Amino acid sequence: DSDASNIVPDATTVKAVEIPVTKAQAKVEVLLEDRVVPVSGFTKAMVKSMTEAMKIPHFGYSEEYDVTKLVEARDLLKTIALERGVKFSYMPIIIKATSLGLTQLPILNSSLDSNCEHIIYKANHNIGVAMDTPNGLVVPVIKNVQNKTILEIASELNSLQEKGTKGQLGLAEISGGTFTLSNIGIIGGTYTKPVILPPQVAIGALGKIQVLPRFDSESNIRKAHILTISFSADHRVIDGVTMARFSNYLKNYLENPTTLLLDL
Ligand code: CAO
């Protein structure tokens, strides 16, 4: 025990060390003493909105979608979009399919007033996308998704991502959301329990698309691309059946992306 000093380094000798974690977090600063940091910026907004959110009775609904055909389609669209100067991920398709689902079930694109006396059905599908930026978590909004093409959504997402990275997102770009999607799968993970962003009534969180074995219709094992999705909804105005129906619409669009052609 008296030899502990030999194996535990003296705190004053510990310096910042390089640990190859991710591109964004290559350097880890080891604290030499406690540090007090004022809550500010996006974190301050998060404290306010998430404290408000906990007044909402949340329920969760999770599902897996076999997005094998979507992965194929996206590979082709990615190349074509790039020729038009647009970086194209899965998000623009998922955002558009979400909007088509909201058209079917408008209660998911609504707000409950503060006295819980009225439900306000929102005409526009303003879909917020949770974004990891150097300044913290922020949710910029793609407005009027119902009127936009998938390529327009992709282009707008590119520009919001660029502004987010540079810390240039303005108030107008982060307000007015009516539904939120969070793609945590870009980091990893499968199922999560997202928290609703008030005054919205629902949120969806995407896990990482994984290659997994699944059965085909002849009971043969095949390679499938599986996307897990977790929704949270406000149980004061939304029931489980409504959430399941919405998820089924989205599942159908994302499992059979050519069906999107019928509704665009
Ligand atoms: N599964 C597998 N691959 C994924 C994926 C997923 N869920 N999400 C993204 N990818 C892929 C993309 O297709 C892209 O691949 P290519 O290089 O082949 O095109 C690559 O990962 C990078 O994607 P991207 O950076 O362009 O991201 P995106 O458009 O899919 O998502 C955004 C944009 C803003 C949602 C994302 O960058 C982000 O910040 N996510 C974090 C969200 C977050 O913090 N959520 C927590 C909120 S609650 O605390």
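Above this text you will find the structure in question.
Structural notes, computed from the coordinates. Please read all numbers here as calculations on a predicted model, not as lab measurements. (Residues numbered from 1 in each chain as written. Predicted model: local features only at pLDDT ≥ 70, side-chain atom pairs only at ≥ 80, totals over all residues. Heavy atoms only, no water.)

**Observations regarding the site of the ligand**
Then comes step 1: In the vicinity of the ligand there are 21 residues, among which Arg74, Lys87, Ser89, Asn183 and Ile209 approach most closely.
Then comes step 2: Between aspartate 132 and the ligand, the recorded distance is 2.9 Å, taken from a backbone N or O atom to an oxygen atom.
Then comes step 3: Serine 182 places a side-chain nitrogen or oxygen 3.0 Å from a nitrogen atom of the ligand.
Then comes step 4: Going through the elements one at a time, helix 3 (68-83), strand 6 (127-133), helix 5 (150-166) and strand 9 (179-183) are the ones with two or more residues in the shell around the ligand.
Then comes step 5: With 4 residues, the top contributor of residues to the shell around the ligand is strand 6.
Then comes step 6: Taken together, the residues of the shell around the ligand break down into 10 nonpolar, 6 polar and 5 charged. (Near = heavy atom within 4 Å. Polar contact = N/O pair within 3.5 Å; in protein donor to acceptor, adjacent residues only side chain to side chain. Helix = DSSP H or I, 4+ residues; strand = E, 2+ residues; numbered from the N terminus. Nonpolar A, V, L, I, M, F, W, Y, C, P; charged D, E, K, R; others polar.)

**Observations regarding the pattern of salt bridges**
Then comes step 1: Counting across every chain of the model gives 10 salt bridges.
Then comes step 2: The shortest N-O distance in the salt bridge between lysine 163 and glutamate 173 comes to 2.5 Å. In this pair, lysine 163 is assigned in helix 5 and glutamate 173 in helix 6 (residues 171-174), connecting sequence segments 10 residues apart.
Then comes step 3: Take lysine 163: its relative accessible area is 29%, and that puts it in the partly exposed class. (Salt bridge = Lys/Arg side-chain N within 4 Å of Asp/Glu carboxyl O. Buried < 20%, exposed > 50% of the residue type's maximum accessible area, 1.4 Å probe, protein only.)

**Some points on the packing of aromatic side chains**
Then comes step 1: Scanning all chains against the criterion turns up 2 aromatic pairs.
Then comes step 2: Ring centres of phenylalanine 179 and phenylalanine 246 lie 5.8 Å apart, and the angle between their planes is 45°; on these two criteria the pair is classed as tilted. One end of the pair, phenylalanine 179, is in strand 9; the other, phenylalanine 246, is in helix 7 (residues 240-255), and 67 residues separate them in sequence.
Then comes step 3: Phenylalanine 179 sits in the buried class, given a relative accessible area of 0%. (Phe/Tyr/Trp six-rings, centres within 6.5 Å; stacked < 30°, edge-to-face > 60°.)

**A word on the side chain of glutamate 63**
Then comes step 1: Looking at the element boundaries, glutamate 63 is found in strand 3 (residues 58-66).
Then comes step 2: In this structure glutamate 63 comes out as buried when scored by relative accessible area, which is 18%.
Then comes step 3: Not counting residues up to four positions away in its chain, the partners in contact with glutamate 63 are Tyr191, Leu227, Thr228, Ile229, Ser247, Asn248 and Lys251. (Contact = heavy atoms within 4.5 Å.)

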